[in-house]
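Architecture and fold: a report
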Amino acid sequence: MQKIWLLVVFWAMLGSSRASLSYTDVSISKSGYTGLVIAIHPDVTENEHLIKAVKETWTEASKDLYIATGNRAYFKQITILLPKTWDGYGYGNVKGNENYDRADVVVAPSNASYGNTPYTIQYAGCGSMGIRTHYTPTYLLDGGFVDNYGPRGKVVVHEWAHYRWGVFDETSYDDPFYWEDTPQAADYGPSPTTCTRELFISLIVSFRCTKSVTGSIRNNQTGYQECTLRDIDERTNSYPYYCQFYPDRIQPDYVNSSLMAYQYLENIITFCRDEDDIEANVHNIHNVDAPNSQNSLCELGSIWSVIENSTDFQNWNTGDLTSIDQTIPVFDVLIDRNDQRFVLVLDDSGSMDDSCGRVSRSDCLKTAAYQFITVTAPNDSYVGIVGFGTNAFIIASLTQLNTFESRQQLANSITGLYGKSGSTCIGCGIKTAISVLEQYGQPTAGGQLIIITDGGENEQPYVAQVSDEVLRKGITTNTIFIATDENQDLKDLTEESGGLNYFANTQSDLLEIFSQISVEETSNDERFQIHSTSFVINSGSSFNSSVDIDITIGLDTIFTFTWSFNGNPPNVEIESPSGCYYSNYLLDDSYCAGGNDSYTVSAAFRTIQFLIPGLAEAGKWIYYVSGIPEVGPMTSLVTSASSGYMQPILVESGVGNTQVDSGAAALYAKVTQGYNPLLGAAVTATIVGPELVSVIDLYDNGAGLDIRQNDGIYSRYFTEFTGTGRYSVLINVGNGPPTAHSTSEVASRAHYSPGYISEDGNVVVNPNGAISQERSGNSGVQANEFGNFTRIVPSGSFDYSGTVNVNDIIVRDIYPPGKIIDARLRQKDLTDIKKGIVLVFTAPGDDYDSGTASGYELRYSFGNFSNLIRNFNDNIPLNQSDLTSGNLTQPLPPGGMEQFLITNLDLPMDGDGHTIPRTYFGLAIVAYDEAGNYAEPSNVPVLSIFIEPIVFPPSEEQDIWWIILISVLLFVAIVATIVYMWFRRKTANKKSGQRPTSATRTIKNISDVRCPSSNPYQLASEANEGPRARPRGRTHLDGGDDTNVYQNIHIGQMNGYGSEPTVQTQTTYPGYGQDYATGGHRSDVNTQPSDQQNMSARMNIISHSNLENDPDHGSHNGQNMEEKYLSYVDELKARNQA
């Protein structure tokens, strides 16, 4: 069956701020939880090891829960519900109304969106109970998943906190990092998003603090090097996707929280607490600055603050703490062997003669019951019928519906209802229905009563007098109120038993309700209502409409038409997509195969049904209806079952608080294909109330009532009340425009472990991968992948008793704009605060999420951010003049994405009156309407703003380009130098007109001379490079120039091993005896003894003494000088060789 959840949601605007699901049987007493149901899906292969794994997992979880809650709670009793196909173990039968639909936890096959990851579906806001938690057999049996998520017991506690207490994850898939307000942040980059306020990250040095989880942010693409500022993506001001936080394997002893962040770490055993909590661990204080779901949806409150305010612990006293020696749960393993059993409890009192549209309530009732018996009730189920007026009577005992004939025979017995009895004894009908269930020979537990009544009762026993028996015997009660519902006791019984309340005004309403009320979610007989409409056929008139049958359904498709007047049916033609017909009056050859005998007419119940044999064609079907004579108001209803080839499109829907005395009603629809969220669906809610039919769109945009975008949950507030009384809701789902696949979290689930940092500082990656493969893809499927489709689901009803319109004029606009829940901040440029701060959020409506608001108030603070929520007006306002873009007085329509650029802030100063280099900045938004109604303050995004710019180091790519550039410049410089040297030498040669002399060449080769230590003689640059050493042109040794250069070679004592030769250049001018190198005249040089081998003296003799004593000194021939010089060089070579 398409399951219809009745959510009991008490929003803050509706009088309270907590939510629960009425069908859960879990309760807590003396620290022990009882009534928890873990149900295994029928598609799971029978496996006794799985039962053992469930027991072991929740036994471990019970102990972990006891520790995590400070000895306040553990699992005392758990029911493991096996599918009826698992009948090989001799387990007992169900004791009450346990079934898969009502289970708190399900063990079911994996799916594309979640894989084998445990997850919890959460519809509503902070503190609101979730729908259920999902585990797979693979997760429970495969030990490898411990590497991914840590010990299973702690994972169960993590998911239990989502489901039971309505808290959210403290890590963030969308924002895994954020900037801390620390001086070191500008040097080392962002921190990982987590629970505790301060987080130690050993990036380069231990700078953050040592108060929580230690670890390091590493680059998964470059051998797990540390991520630094050079990795920052300037588009997001954060690390890119390949930077991953790896916690240290060995954590400090004081680290113990939080289970909503790093549940896989050994030290993590409890939850974060607020700073002012007297029981808080000072090293593990809740981090109000982290951009996670817990802060956004729980007004910066810690996990524990939400838990201790839940109904489980809100009245708890520390004196109530008791020591529990044994936390092992008691497990009841049961199989629901019972067949599906229904008893129709039909009102046959005199008030049923009143009208139901154009016919009596009794006629409406009988036609709807006929439809239920002949079409909706599951194959092989058992159905009984009881009527009640002043007294109750059995119309039919339980009858198995396994053939066409058995259905028709039971349906015909309904004609015994005439509406003759004047009084009404609903309690009599309930007691008689219980006796019908007991006649079957099975326990009454699991049986269902479907009560159809106008609500009034005036005969005992009353409903209140029989309610305890119904609940004690495990019977589920569903109630359909016709036209009125003045029976609160009956509504309460229905909710307490886990059933559903419906409200019907017309024949069409009843048919729609009956089409959804009976089939279990796990049944192969699940039928889907794909079309429903009402119209009028007068004499000679006609009507036509179309029906889309999509590729996921088509089996056992039934078209049902009901009429109001006369006994003759209307003429009906049904055209298939391929063009053949089914009809009750055509006589030509256009029939589809079997088309001429595919229908059944019941004049007594004014119904005609067409059964399409086999699998109906996918595509658009068209039907035509005409009548002669007049047949009056008609309804058409089309249902179909799954094709069996792929998972069908499913719709679960619900309404908020069934008693609305102020504020708005909350409406929900969850749309999936199997377990995968269906994205881009067009979802509408039709609300029928006092003199009202209103149609509104529901959204999956992560704004207003919808807490997560693209999770397949569509929601909306309803405020268009026209009067006090009952409002019923009908959900219609079709395909809409495609939407982007979700890469964000679409459910609450345990944090994946990428690996850890070992004691030696190396990364040890999770053997299953650093990134979960089950999270790396897109979540959800597009609605338009299935072509045109339709699903119609009744969502129950609610009572409204608040302010109403008077003569179409609203007495006062009492509805404020919706609360903004997705505000985000980002510094536009971390290197220039003057470029501003970007604020984005989804626009709310004027009345919650309807209409357009009148304006926004923005206020900010540089600390104490919770005060933005508690005392919004006490904070610093932002005016239009403070914004470069965005308009505070012209909000967008609801659902629009607002973007503001804030460029003017009153920045905080230090004690010397200087602007501080960086600070935390928090902001809240309040929308208001024209009547002066103000929304609740938004979530508070917190941003570390860098007033003093961050200096980003060049990226590796930039480094490479710098290296290339420098290399090119060096190469060019070297080439230029070589070219310059070559060009200069060539120019010098051209000026002299001759080649260098032999003396010059000899001097260049003097480096061939070696001392005893094998070190080369080293000449001065002039000697080594010959002509280039001259100050003017090349060297002239023939007297052709006005200067001569002589090399004065001083060689250390030859017996002084290791002494190296030195070269001094002395310049003399021909015709002068003065030595300019020494500043004196060298006319009396003492020649050193030849045995000392003082070559310096010999060279001096040549260069000074000999020349000065030469009579031709003033005009000596340079060639003679050259010959003497070379003779000493040759001698020097010879001695070195010797």
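Read on for an overview of the structure.

1. Overview of the pairing of strand 38 (residues 676-679)
Summarising the sheet, strand 37 (residues 665-673) and strand 38 pair through 2 bridges and their orientation is antiparallel. Counterpart to T672 in the pairing with strand 38 is P677. Hairpin connection, strand 37 to strand 38: the antiparallel pair is bridged by 2 residues, and G674 has positive phi, about 65°. As paired elements, strand 38 and strand 46 (residues 781-782) share 2 bridges and run parallel to each other.

2. Some words on the pairing of strand 37
Counted residue by residue, strand 37 has 9 buried out of 9 residues, so it is predominantly covered. Burial along strand 37 is two-sided: the face carrying A665, L667, A669, V671 and Q673 and the face carrying A666, Y668, K670 and T672 are both buried. Relative to strand 37, strand 35 (residues 649-655) is paired through 7 bridges, and the arrangement is antiparallel. Following the sheet pairing, I649 is matched in strand 37 by Q673.

3. Considering the pattern of salt bridges
Per the counting criterion, the structure on display carries 18 salt bridges. Close ionic contact of K473 with E438 constitutes a salt bridge, the shortest N to O distance being 2.7 Å. Here K473, found in the loop between helix 11 (463-472) and strand 24 (476-482), pairs with E438, found in helix 10 (residues 426-439); they are 35 residues apart in sequence, far enough to count as distant. We note a salt bridge from E469 to K473, for which the minimum N-O separation is 3.0 Å. Exposure remark for E469: the relative accessible area of 17% places this residue in the buried category. The exposure class of K473 is partly exposed, given its relative accessible area of 22%. A single salt-bridge network, built from bridges that share partners, covers K431, E438, E469 and K473.

4. Some details on the packing of helix 8 (residues 361-376) against helix 9 (residues 404-412)
Taken N-terminus to C-terminus, the directions of helix 8 and helix 9 make an angle of 170°; their axes are 9 Å apart at the nearest point. Comparing their axes, helix 9 and helix 8 come out roughly antiparallel. Listed contacts from helix 9 to Y370, I373, T374 and V375 of helix 8 are R407, Q408, L410 and A411.

5. Structural notes on the sheet that holds strand 15 (residues 225-226)
Read across the open sheet, the 3 strands follow the order 15-14-16; overall the sheet is antiparallel. The two strands at the open ends of the sheet, each matched to only one other strand, are strand 15 and strand 16 (243-247). Across 2 bridges, the pairing between strand 14 (residues 215-219) and strand 15 is antiparallel. Along strand 15, the bridge assignment pairs R218 with E226.

6. Things to note about the state of the cysteines
Going through the model one piece at a time under the given rule, you end up with 4 disulfides. Linked covalently through their sulfurs, C126 and C298 form a disulfide whose S-S length is 2.1 Å. Because the sign of the S-S torsion sets the handedness, a value of about 105° for the bond joining C126 and C298 places this disulfide among the right-handed ones. Of the two residues, C126 is situated in the loop between strand 10 (119-121) and strand 11 (132-135) and C298 in the loop between helix 6 (293-297) and helix 7 (303-308); the sequence distance between them amounts to 172 residues.

Calculation notes
Residues numbered from 1 in each chain as written. Predicted model: local features only at pLDDT ≥ 70, side-chain atom pairs only at ≥ 80, totals over all residues. Heavy atoms only, no water. Pairing = 2+ DSSP bridges. Helix = DSSP H or I, 4+ residues; strand = E, 2+ residues; numbered from the N terminus. Buried < 20%, exposed > 50% of the residue type's maximum accessible area, 1.4 Å probe, protein only. Salt bridge = Lys/Arg side-chain N within 4 Å of Asp/Glu carboxyl O. Axes fitted to C-alpha atoms, helices over the stretch in contact; angles between N-to-C directions. Parallel < 35°, antiparallel > 145°, perpendicular 65-115°, else oblique. Contact = heavy atoms within 4.5 Å. Disulfide = S-S within 2.5 Å.

It is worth stressing that arrangement in space is one thing and function is another; only the former is reported here.
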